[in-house]
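# Notes for the structure review
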Amino acid sequence: QVQLVEFGGGLVQAGGSLRLSCAASGLTFNRYAMKWFRQAPGKEREFVAAISWGGGGVTNYADFVKGRFTISRDNGKNTVYMGMNSLKPEDTAVYYCNARRGQEDYWGQGTQVTVSS
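Residues numbered from 1 in each chain as written. Predicted model: local features only at pLDDT ≥ 70, side-chain atom pairs only at ≥ 80, totals over all residues. Heavy atoms only, no water.

## Some words on the state of the cysteines
Put simply, the test is: When the sulfur atoms of two cysteines come within 2.5 Å, that pair is taken as a disulfide. We count a stretch as a helix when DSSP gives it H or I for four or more residues in a row; a strand needs E for two or more, and each element gets its number in order from the N terminus. Only protein chains enter the accessibility calculation, which uses a 1.4 Å probe; a residue whose area is less than 20% of its type maximum is buried, one above 50% is exposed, and one in between is partly exposed.
Counted by the stated rule, this structure contains 1 disulfide. Note that Cys22 is cross-linked by a disulfide to Cys97, the S-S spacing being 2.1 Å. The sign of the -80° torsion about the S-S bond sets the Cys22-Cys97 disulfide as left-handed. Taken together, the positions of Cys22 in strand E3 (residues 18-25) and Cys97 in strand E9 (residues 93-101) put the pair 75 residues apart, joining distant regions of the chain. By the burial criterion, Cys22 is buried, and Cys97 matches it.

## Some thoughts on the environment of Arg45
The cut-off we apply is this: The contact definition used throughout considers only heavy atoms, calling two residues in contact when any of these lie within 4.5 Å. Under the rule applied, a polar contact is a pair of N or O atoms within 3.5 Å (in protein, one hydrogen donor and one hydrogen acceptor; residues adjacent in sequence only if both atoms are side-chain atoms).
Summarising the element assignment, Arg45 is placed in the loop between strand E4 (33-39) and strand E5 (46-51). When the C-alpha atoms of Arg45 and Tyr32 are compared, they prove to be 20 Å apart, with 13 residues separating the residues in sequence. Beyond its immediate sequence surroundings of up to four residues, Arg45 is in contact with Phe37, Arg38, Gln39, Tyr96 and Trp107. A polar atom in the side chain of Arg45 sits 3.5 Å from the side chain of Gln39.

## Some points on the pairing of strand E7 (residues 69-74)
Quick note on the threshold: The criterion for strand pairing is that DSSP finds at least two bridges linking the strands in question.
Alternating residues of E7 divide into Phe69, Ile71 and Arg73, all buried, and Thr70, Ser72 and Asp74, none buried. For E7 and strand E8 (residues 79-84), the ladder comprises 6 bridges, and the chain directions are antiparallel. Looking at the pairing, Asp74 lines up with Thr79 of E8. Here E7 folds back onto E8 in antiparallel fashion, the turn holding 4 residues, of which Asn78 has a positive phi close to 50°.

Laid out in structure tokens, this is it:
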């Protein structure tokens, strides 16, 4: 059974920082591209960041988080991370971890990030 479990969300003031983690099990972790998405109330789920499978660590970010968020992975721990700095109220959302390999697509349950103004 594939499981993705996010943690590290919480309430933070504007300008603050959080570090999200996503622990994966039931898959060959290093063969999956890992991504973070987010969804605010009443809005569609949107792409935030991605990191390539394997050891290359090629990253990609949505324009609205470039320079503020950093995605990374530790294949030895089967975990993907996302550091978030200079948080803004508009970053408030449920953040979801995603694992993708070909036609396989798995999602975590999400973790709430709330940024107060």
